[in-house]
Amino acid sequence: NLAPNEGISLSALRSQFSVNGEEGPKYGFDGSRYHYGDGTSVASQNSSQILTGYDTLDVGPNYDFYANTNALGRVRRSRPSLFQLHSNIEVMFFYTANSPGDSSEDDVEEPQSEPTRFGWVKGVMIRCMLNIWGVILYLRLPWITAQAGIGLTWVIILLSSCITGITGLSTSAIATNGRVKGGGTYFLISRSLGPELGGSIGLIFAFANAVAVAMHTVGFAETVQALMQESGASIVDPINDIRIIGVITVTCLLAISLAGMEWEAKAQVLFFIVILVSFANYIVGTIIPATPQKQAKGFFSYQADIFAENFVPNWRGPEGNFFGMFSIFFPSATGILAGANISGDLKDPTVAIPRGTLMAIFWTTLSYLIIAATIGACLVRDASGIMNDTLAMSSADSCQGLACQYGWDFTDCITNRTCTYGLSNQYQSMSLVSGFAPLITAGIFGATLSSALACLVSAPKVFQCLCKDNLYPVIGFFGKGNGKNDEPIRGYVLAYIIAVCFVLIAELNTIAPIISNFFLCSYALINFSCFHASITNSPGWRPSFRFYSKWMSLLGAVVSVIIMFLLTWWAALIAIGIVIFLLGYVLYKRPSVNWGSSVQAGSYNMALSYCVSLNQVDDHIKNYRPQCLVLTGPPSCRPALVDFVGTFTKNLSLMICGNGGPSPATLDTASSNSHVTWLNKRQIKSFYHGVVANDLRTGVKMLLQGAGLGRIRPNVLLTGFKRDWRKDKPSCIDNYIGILHDAFDLQYGVCVLRMREGLDASPESGVNTLDPDAMMTEPQPQPSTVFQSQQGKKTIDVYWLFDDGGLTLLLPYLLTRKKRWARCKVRVFVGQCSVETLSSTSFSDSVRRFEDLIGPYRINTAQKDGHVTAEQLNQDCPWMVSDEEIETNKPKTLRQIRLNEVLQDYSRDAAIIFVYVLCFWQCPSALYMAWLETLSRDLRPPVLLVRGNQENVLTFYCQ
């Protein structure tokens, strides 16, 4: 049972401020009125507003109480604190809203103009569709249909759409699991999986979008250069023409972006209309009867025979296989995150992202399927384009190809493989089929420019959010926003510079593979984020979008990684390598952010599962670990004690720093995170446990009985030596020794550490144990101690005089496993100390010093001559020592004196001394304290007084 805690009032110790020192005061008084931390009034009641039994300070649910950002134009309110609700009834307050009569100028912010916000159609669906449609649609889809056939082309389209669809479902689930801010993909992944993976993906995703600007711009520039070449125009040469056109185009797109999101959205709508017109023009062209000029190039309108012929594959060239065609087509399916990337500019991201993204995937997939089927039903694979290649009667029997049925003979070019037209030979097949070819060219322009513009906007938006989180050095400069939309002007300029650098490469096939792998890497992590958040069963995972499956998300993640290697294995390795490098950096730096990620939830689940599973297996000696409860008080008060225990428990066993007492600051200190922060900064792997109790001994009893969880609970108590015991109250000595007895009663091993210079961080303090008056609410600096330095080739001296189960031997061995102590040699001294070997001079000096120690605590003759008996004195003052007790325990006293001489002779140069301590149950506390003082005094090395709990902690056997 827990020790009784009578006579202490927690409410009396409660601070008027938040127990979390980082949040600052939740409640205060400004001289005229009481108020909350956000300025909301807590007005004092007047005589006409007396609270009745039915009145309450509680307030109804409010959105502001659960938000972590301020609402536009007003200060966010907070609910009454527990202190305000639980405070003394004589001081009555009531919670009031910000009424006009109670508001100050500081309570209300000036309303700001509403920034531009977009709905799901204009902000997400159109943007995603434009980013998905690109040069692949116009220039590669007909050629893929010729290679793979209509049937396998549909499989490629549907497989790609399944991957993007699963990713869209995962994105929808994550986006509806709370309020989404700006930052798009980075925000979704980082707030789900944490800063480690989120930061790395955010950086490469922003970079990939910036490079994608160059890819789409180069596609546009290639089309313009081809048109110029057809008309015989040229600026310099083909490559430099592409570079010049590309740089001019990117500069124009930058100007549109800098004009603001509203102008960028208008430009995207214009591009969308152009693409829809080009599609309509294409469909009309397939219906119009073919002219002889088009028939010479292989177009014969809808024909069942052509559909059947083109339904099956006809592989050609080195890329002529399923995965080769898939690798070429799949980049055209990427772009589903274009809407999510501007999540900060959406009216309601939790509605817009799911609806707009999934609708964009549906309509683009449908358009791809229709185009593949229609163009495969009206265009043959090979044609010469020569008007004279009509079928002659004499050559009817030797004619090759499906065009023979329609009066055309392309046998020569098919045989010689010199055909320049047809699905397999002409990338501009859609222009041939369309009703008006320039509209297809306009569609190509619209698709490339819209995709480039979407990427140019996405990259700075994602990068800005990453910069504001300060996960990486230097890049914070680019986090600054401008205007009501917080536009990342600096980010736009950086994305422009990156895009121009890659435009100068002027080679589409060189740029595309790395971009596709970076996008796929993002898709894999989004799917894994959804899976991981679902599998952890965290109460914080409750998306309003229900149409997703955690197993489908896992499948999407795995398939995305597989496709990365199928597309370009070396680019996949580069992408994964960059992710691992950035992940390692964030793990090393450990930024001070806490986003409630699923990784944290998973860690909790694993820890809980393992703790419960330990209860199903009995303890075994071979698995014994010294799990230490260390009475440090505030850990920063006794860094040497913390460092010593942390040395042999790190990565091995449990360490808990205990703190408690009745001082006024105890309640705040007991629950403060500042101590854990101090321990983490010192790289000490320890828990912190604070309690509130009447006195030191009661607090330690609570810790001894309540610390730990299941099998993960302390079995060794470590404390500092009470160096000032002769100056302290006798009752404090009795409490200190009583703590050791309490530990033995609860089957704990006990260790007492004594250092010549003391254990406290402040040298003027002489208290080296848990002291209720040594409370601190703020962590102290990180002082250095002897246990942080290399010990060299010194010795670890162990005086194993009596068998305690092996704890005295185990602790020195654990020290030698650490790098700082590895070169030390362990010396074990066994046997009994012979008191007869004491010299006469040593005997007289040592006994005299011992008598000086015990003198103030002896029952003198005057006390005996009174009416109070020695037994009554022992009951009322258990620290007092009678002459009979001194005489009875004289051999034990002499043994401590002799053992101290042995330590002085043999261990003066040791790195540390471990000494077994006898357990004296029927002994006054002052006498026992004098023995500990005598045994460990005047020693230069640190001394650890050890006593096991008489249970084996070592074994020589395998089972």
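Reading guide: rules and limits
Residues numbered from 1 in each chain as written. Predicted model: local features only at pLDDT ≥ 70, side-chain atom pairs only at ≥ 80, totals over all residues. Heavy atoms only, no water. Core = buried A, V, L, I, M, F, W, Y, C linked by side-chain atoms within 4.5 Å. Buried < 20%, exposed > 50% of the residue type's maximum accessible area, 1.4 Å probe, protein only. Helix = DSSP H or I, 4+ residues; strand = E, 2+ residues; numbered from the N terminus. Expected span 1.5 Å × (residues − 1). Contact = heavy atoms within 4.5 Å. 1 Å grid on protein atoms, 1.4 Å probe; cavity = no way out; pocket = protein on both sides within 12 Å on 5 of 7 lines; lining within 4 Å. Points joined across faces, edges and corners; volume = space filled by probe spheres on them. Nonpolar A, V, L, I, M, F, W, Y, C, P; charged D, E, K, R; others polar. Disulfide = S-S within 2.5 Å. Lys, Arg positive; Asp, Glu negative; His and termini not counted. Salt bridge = Lys/Arg side-chain N within 4 Å of Asp/Glu carboxyl O. pLDDT = per-residue confidence, 0-100.

## A short note on the nonpolar core
In this structure, Trp133, Leu137, Tyr138, Phe329 and Tyr368 are the most contacted members of the largest nonpolar core, which totals 136 residues. With 56 residues, the next largest nonpolar core counts Phe721, Tyr748, Val915 and Cys923 among its residues.

## Some remarks on helix H17 (residues 437-468)
The end-to-end C-alpha separation of H17 is 47 Å, in line with the 46 Å expected for 32 residues at 1.5 Å each. Most of H17 sits inside the fold, with 26 of its 32 residues counted as buried. With its phi angle positive at about 55°, Asn470 sits one or two positions after the end of H17.

## So, the environment of Phe531
Residue position: Phe531 is located in helix H19 (residues 508-535). By relative accessible area, which is 11% here, Phe531 ends up buried. Note: C-alpha distance between Phe531 and Ala557 (26 residues apart in sequence) is 8.9 Å. Leaving out residues up to four positions away in the same chain, Phe531 has contacts with Lys550, Trp551, Ser553 and Leu554.

## Description of empty space enclosed by the protein
A water-sized probe rolled over the atoms picks out the places where empty space is left. In total, this model carries 5 cavities of 30 Å³ or more according to the counting rule given. The computed volume of the second largest cavity comes to approximately 70 Å³. Lining of the second largest cavity is provided by Leu740, Phe744, Val750, Val752, Val917, Tyr928, Leu932, Leu945, Val946 and Arg947. Those elements that provide at least two residues to the lining of the second largest cavity are helix H27 (730-745), strand S8 (749-754), helix H34 (925-936) and strand S12 (943-947). Here the element with the most residues in the lining of the second largest cavity is S12; it accounts for 3 residues. Residue composition of the lining of the second largest cavity, by class: 9 nonpolar, no polar and 1 charged.

## Overview of the state of the cysteines
In this structure the tally under the stated criterion is 2 disulfides. One disulfide in the model links Cys413 with Cys419; its S-S distance is 1.9 Å. Taking the torsion about the S-S bond as the criterion, the Cys413 to Cys419 disulfide, at about 75°, is right-handed. For Cys419, a relative accessible area of 8% gives the class buried. Here the disulfide map of the chain reads 1-2, 3-4, the bonded cysteines being numbered as they appear in the sequence. Cys467 supplies the cysteine sulfur nearest to Cys465, a cysteine that is in no disulfide, at a spacing of 9.3 Å.

## What about the side chain of Asp409?
Here Asp409 shows up in the loop between helix H14 (349-376) and helix H15 (411-416). At 14 Å, Arg316 is the nearest oppositely charged side chain to Asp409, a buried residue that forms no salt bridge.

## Description of the confidence of the model for the chain
Model confidence for the chain is summarised by a mean pLDDT of 80, while 82% of its residues fall at 70 or above. Across residues 1-6 the pLDDT falls below 50, and counting only partners more than four positions away or on other chains, this stretch makes 12 contacts in the model. Every residue in residues 763-779 is under pLDDT 50, and counting partners more than four places away or in other chains gives 61 contacts.

## Considering unusual backbone geometry
The residue Arg417 is not glycine, and still its phi comes out positive at about 55°. Within the element layout of this structure, Arg417 appears in the loop between H15 and helix H16 (429-433). One non-glycine residue, Val474, lies in the positive phi region at around 75°. Note on placement: Val474 falls in the loop between H17 and helix H18 (489-503).

## Re the pattern of salt bridges
Opposite charge on two side chains permits pairing when their charged atoms draw close. What the rule picks out here adds up to 16 salt bridges. The residue Asp724 makes a salt bridge to Lys722 at a minimum N-O spacing of 3.8 Å. Here Asp724 matches Lys722 in class, with each residue buried. The partner of Glu901 in a salt bridge is Arg898, with the nearest N and O atoms 3.3 Å apart. Highlighted residues: Glu901 and Arg898, both in helix H33 (residues 890-906), separated by 3 residues, approximately one helical turn. According to the relative accessible area criterion, Glu901 is buried, its value standing at 17%. On the basis of relative accessibility, which here comes to 17%, the residue Arg898 falls in the buried class.

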